[in-house]
Amino acid sequence: MRFLFILGPYRPGQCGISDYVRLLSDRLESMGHECKMLTINSKSGQTLEKTAESLPQCDVVSLQFAPYSFHPKGLPGKGLQSLAKALAGRQLQIMFHEIWIGAYPQATLRERWIGRRQRRQILRFLQTARPFVVHSTNAAALNRLSLMGIETEYLYLFGNIPWAEAPVLGMETNPAAQIAFFGTPYDAFPYGLLFERLDETFTAMKKPWKIRVLGHVREKAGLKKLTQEASKRGIDVEKTNMLSSEELSHQLQYADCGVTTTPYDVLGKSGTAAAMLEHGLPIFVYDDGDTPKENLFIFEPFQDQIFLINESSHTEKIVQFSQRPRKPFFDGVVHTADNMLKML
């Protein structure tokens, strides 16, 4: 089968969507399928209009949708409609990594205004392109799309760090529990509440603990808040800076638990959170309340690995979880590739 992946600028190692397409293509090709990529990058002149004019023959088109990947202001407009017309009649799957902005209680007036324009463009695109299936990765997007009458199915977004066997001699034996921060440390995250829960947890375990920030961090404001909160409490923060995929896998194996600052309702769109979960780590998460609780969900294999810092009762639960044997690696790439093929 011939797959064509359409995505924004291709920046593996720097862009989660690029990593997703690279790993998924590698898996499909290992199974005997053919995969091609078309990248949309206005800076290099590869616009949506040009992409619409140069679609090769294929059996399935997989559009990796994120408004700001297609246009610097997140409003692809006429170009998006040109692509919709070119895709109409194709076997089209759409993967919504991002939808429109502004659909949450704390959104500014400007975010709501932009979001309404984005939503109109997306709805028009779907009416014209007529995909055979629409997927998304997280509870928030599924809820918003459903409210607009768009039938959307969940598709798991796997982690961006494949398993790499850690040398036995290299396994760390530090008595301090290691808390892995992997992914963007967002500025709006409640770091004070997180440290309260971490302190409660490791006091109950009677273990010292320290934080290790994995990989290169571009969001400096969030990192500054994290380090300031740690300094106030006398907690060590180690920064590894850039690591290879193999080194990151080793670090996740060495860690005792993880933290993601991605909100609970959009956790499914985070490849770094998925990587921690696939490596068997319990992770601390914050529910910002943007999506009704009855619409929240977690991918079934990881339901016992998620601990909300909003809930004080989860301290005891993570202590109990940590006493179990480490869960084996979950190969999310295999899972998602198999599910993509089943839908066809």
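Since this is a predicted model, take the numbers as computed values, not measurements. (Residues numbered from 1 in each chain as written. Predicted model: local features only at pLDDT ≥ 70, side-chain atom pairs only at ≥ 80, totals over all residues. Heavy atoms only, no water.)

Where nonpolar side chains cluster on the molecular surface, the patch consists of Met 1, Phe 132 and Leu 344 and spans about 230 Å² of accessible area. Structurally, the position occupied by Leu 344 is in the segment after helix 12 (332–343). (Patch = residues over 30% accessible without salt bridge, like charges linked within 9 Å, V, L, I, M, F, W, Y side chains within 5 Å. Areas by Shrake-Rupley, 256 points an atom, 1.4 Å probe, with all protein chains shown as cover. Salt bridge = Lys/Arg side-chain N within 4 Å of Asp/Glu carboxyl O. Helix = DSSP H or I, 4+ residues; strand = E, 2+ residues; numbered from the N terminus.)

Counting residues in each nonpolar core, the largest one holds 46 residues, and the members touching the most others are Tyr 20, Leu 24, Phe 182, Ile 283 and Ile 306. Broken down by secondary-structure element, the contributors of at least two residues to this core are strand 1 (2–7), helix 1 (16–30), strand 7 (177–182), helix 9 (245–254), helix 10 (271–278), strand 11 (283–285), strand 12 (306–308) and helix 12. Here this core gets 6 residues from one element, more than from any other, and that element is helix 1. Each residue touching Ile 306, except ones within four places of it in the same chain, is listed here: Tyr 264, Leu 267, Leu 277, Ile 283, Val 285, Ile 298 and His 314. Residues Cys 58, Phe 65, Leu 80 and Ile 94 belong to the second largest nonpolar core, which totals 29 residues. (Core = buried A, V, L, I, M, F, W, Y, C linked by side-chain atoms within 4.5 Å. Buried < 20%, exposed > 50% of the residue type's maximum accessible area, 1.4 Å probe, protein only. Contact = heavy atoms within 4.5 Å.)

Before going further, it helps to spend a moment on the side chain of Gln 81. Here Gln 81 lies in helix 4 (residues 77–87). You can call Gln 81 buried: its relative accessible area is 9%. Excluding residues that lie within four positions of it along the chain, Gln 81 makes contacts with Arg 124, Phe 125 and Thr 128.

On the basis of which strands lie adjacent, the open sheet formed by 6 strands has the order 2-1-3-4-5-6 and parallel pairing. The outermost strands of the open sheet, each flanked by one partner alone, are strand 2 (34–39) and strand 6 (153–154). In terms of strand pairing, strand 3 (residues 60–65) meets strand 4 (residues 92–96) through 5 bridges, oriented parallel. Within strand 4, the position partnered with Ser 62 by the bridge is Gln 93. Helix 5 (residues 109–129) contacts strand 3, strand 4 and strand 5 (133–136) of the sheet and is inclined by roughly 160 degrees relative to strand 4. (Pairing = 2+ DSSP bridges. Axes fitted to C-alpha atoms, helices over the stretch in contact; angles between N-to-C directions.)

Right, let's talk about helix 12 for a bit. The end-to-end C-alpha distance of helix 12 is 17 Å, a good match for the 16 Å that 12 residues give at a rise of 1.5 Å each. Of all the positions in helix 12, only Gly 332, Val 333, Thr 336, Ala 337 and Met 340 are classed as buried. Projection of helix 12 onto a plane perpendicular to its axis shows the buried side chains occupying an angular sector of 130 degrees, all on one side. In this structure, the buried side of helix 12 is in contact with strand 1, helix 1, strand 3, strand 4 and helix 10. One side-chain oxygen of the residue at the start of helix 12 lies 3.3 Å from the amide nitrogen of Val 333, identifying that residue as Asp 331. (Expected span 1.5 Å × (residues − 1). Arc of directions from axis to C-beta. Polar contact = N/O pair within 3.5 Å; in protein donor to acceptor, adjacent residues only side chain to side chain.)

So, on to the pairing of strand 7. Regular strands place their side chains on alternate faces of the sheet. Most of strand 7 is tucked away, with 6 of its 6 residues classed as buried. On strand 7, burial covers both faces: Ala 177, Ile 179 and Phe 181 on one face and Gln 178, Ala 180 and Phe 182 on the other are all buried. This β-α-β element, strand 7 to helix 7 (residues 191–205) to strand 8 (residues 209–214), shows right-handed connectivity. As paired strands, strand 7 and strand 10 (residues 257–259) are joined by 3 bridges and run parallel to one another. Bridged to Phe 181 within strand 10 is Val 259. (Right-handed = clockwise from strand over helix to strand, strands pointing away.)

The subject of this paragraph is the packing of helix 7 against helix 8 (residues 220–233). As a packed pair, helix 7 and helix 8 sit with axes 10 Å apart at the nearest point and diverge in direction by 45 degrees. Judged on the interaxial angle alone, helix 8 and helix 7 are oblique. The two elements helix 7 and helix 8 meet at a crossing, and its hand is right-handed. Side by side, helix 7 and helix 8 meet where Tyr 191, Gly 192, Phe 195 and Glu 196 of the first sit next to Gly 222, Lys 225, Leu 226, Glu 229, Ala 230 and Arg 233 of the second. (Parallel < 35°, antiparallel > 145°, perpendicular 65-115°, else oblique. Left-handed = near helix turned anticlockwise from the far one by under 90°.)

So, on to the sheet that holds strand 11. One open sheet accounts for 6 strands, arranged 9-8-7-10-11-12; its pairing is parallel. Edge positions in the sheet fall to strand 9 (237–239) and strand 12, since each of these pairs with one other strand and no more. Across the sheet, the mean angle from the axis of one strand to that of its neighbour is 30 degrees, orientation sign disregarded. As paired strands, strand 8 and strand 9 are joined by 3 bridges and run parallel to one another. Counted as the bridge partner of Arg 212 is Glu 238 from strand 9. With respect to the sheet, helix 8 is in contact with strand 7, strand 8 and strand 9, its orientation differing from that of strand 9 by roughly 145 degrees. Against the sheet, helix 10 contacts strand 7, strand 10, strand 11 and strand 12, and its axis sits at roughly 150 degrees relative to strand 7.

A few words now on the pairing of strand 4. Burial within strand 4 is extensive, with 5 of its 5 residues counted as buried. Of the two faces of strand 4, the one holding Leu 92, Ile 94 and Phe 96 and the one holding Gln 93 and Met 95 are both buried throughout. In this view, the connection linking strand 4 to its parallel neighbour strand 5 by way of helix 5 has right-handed handedness.

Tallied over the full model, the rule gives 19 aromatic pairs. Ring geometry for Phe 3 against Phe 5: centres 6.3 Å apart, planes inclined by 15 degrees, an arrangement best described as stacked. Overall, Phe 3 belongs to the buried group, its relative accessible area being 2%. Relative to Phe 299, the ring of Tyr 154 lies with its centre 6.0 Å away and its plane at 45 degrees, an arrangement referred to as tilted. (Phe/Tyr/Trp six-rings, centres within 6.5 Å; stacked < 30°, edge-to-face > 60°.)

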